[in-house]
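Summary of the model geometry
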Amino acid sequence: ALHAVVLDDFKSYSGRVVAEFNSRGIIAIVGPNGAGKSCLVEGICFALGLDLRSMRAQNLKALVNRTGRDDGVACAVSCVFRARSGAGALCVQRRAIAPADGPARSEFRVQGCSCGGLGPGVEHDQLPWPCDQCEVRVAR
């Protein structure tokens, strides 16, 4: 089941935003206009590999939130899935790297660990990257 979505500088979200889904029932995303509901769903779609056109973006650079940052060249979205039994987790992350002076690219990362950490931020470039909770380095 989807346990959490972690957005790092993705679209309208500046910095790291964690949305946790602890319910075993139905989850609804509600809020006023402009609250970020669509961006949250687009983040999930981005992490799972959907096409940019389905996310209201012309290119990868349009996904990076550059608010208040001169070095805003990357964004990342992690989806953390946990087994209903609570044992084991899987983190799927997609990053967009969009330097101002070069071509943009995206990359996928998949990590499995026993604790189910929330995944790395955009600052982790080395593979395998560490779980943010248990520091296990497992990449697939």
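Residues numbered from 1 in each chain as written. Predicted model: local features only at pLDDT ≥ 70, side-chain atom pairs only at ≥ 80, totals over all residues. Heavy atoms only, no water.

A word on the overall build of the protein chain
For clarity, the threshold we go by: Secondary structure elements are defined from DSSP: runs of H or I of at least 4 residues count as helices, runs of E of at least 2 residues count as strands, and each element is numbered from the N terminus. For the exposure calls, accessible area comes from a 1.4 Å probe over protein chains only, and a residue counts as buried if that area is under 20% of its type's maximum, exposed if over 50%, partly exposed in between. Throughout, a contact is declared for two residues whenever any of their heavy atoms are within 4.5 Å.
Counting its secondary structure elements, the protein chain contains one helix and five strands. Reading the protein chain from its N end, one meets helices and strands in the order β-β-α-β-β-β. Residue burial in the protein chain is summarised as follows: out of 140 residues, 41% are buried. Counted over contacts in the protein chain with a minimum sequence separation of 6, partners at least 24 positions apart contribute 49%.

With respect to the nonpolar core
Put simply, the rule is: Nonpolar core, defined: a set of buried Ala, Val, Leu, Ile, Met, Phe, Trp, Tyr and Cys residues in which side-chain atoms within 4.5 Å join the residues together.
Judged by nonpolar contacts, the single largest core of 22 residues is most densely connected at Val5, Leu7, Phe10, Leu40, Phe46, Leu63 and Val77. Among the elements of the structure, β1 (2-8), α1 (37-47) and β3 (74-82) are those that each provide at least two residues to this core. Among the elements that line this core, the one with the most residues is α1, at five residues. In this structure, Phe46 is in contact with Phe10, Met55, Leu60, Leu63, Val77, Arg94, Arg95, Ala96 and Phe108, ignoring residues within four places of it in sequence.

Focus: α1
For α1, the set of buried residues is Cys39, Leu40, Glu42, Gly43, Ile44, Phe46 and Ala47. Downstream of α1 by a residue or two, Gly49 has a phi angle that is positive, lying close to 95°.

Considering a nonpolar patch on the surface
Note the following rule: Each patch groups residues whose relative accessible area exceeds 30% and which form no salt bridge, using 9 Å between like charges and 5 Å between nonpolar side chains of Val, Leu, Ile, Met, Phe, Trp and Tyr. All accessible-area figures derive from a Shrake-Rupley calculation using a 1.4 Å probe, and residue coverage is judged against the displayed protein chains alone. A carboxyl oxygen of Asp or Glu within 4 Å of a side-chain nitrogen of Lys or Arg is what we treat as a salt bridge.
Taken together, the side chains of Ile27, Ile29 and Val41 define a hydrophobic patch exposed on the protein surface, amounting to about 220 Å² of accessible area. Considering the arrangement of structural elements, one finds Ile27 in the loop between β2 (16-20) and α1.

A closer look at the pattern of salt bridges
Under the definition given, this model contains six salt bridges. As a salt-bridge pair, Arg16 and Asp8 come within 3.0 Å of each other at their nearest N and O atoms. Accessibility expressed as a relative area gives 37% for Arg16, which makes it partly exposed. The class of Asp8 is buried, set by a relative accessible area of 6%.

Structural notes on unusual backbone geometry
Phi at Asp9 is positive, roughly 55°, even though this residue is not glycine. Checked against the element boundaries, Asp9 lands in the loop between β1 and β2. For Lys11, which is not a glycine, the phi torsion comes out positive at approximately 50°. Looking at the secondary structure, you find Lys11 in the loop between β1 and β2.

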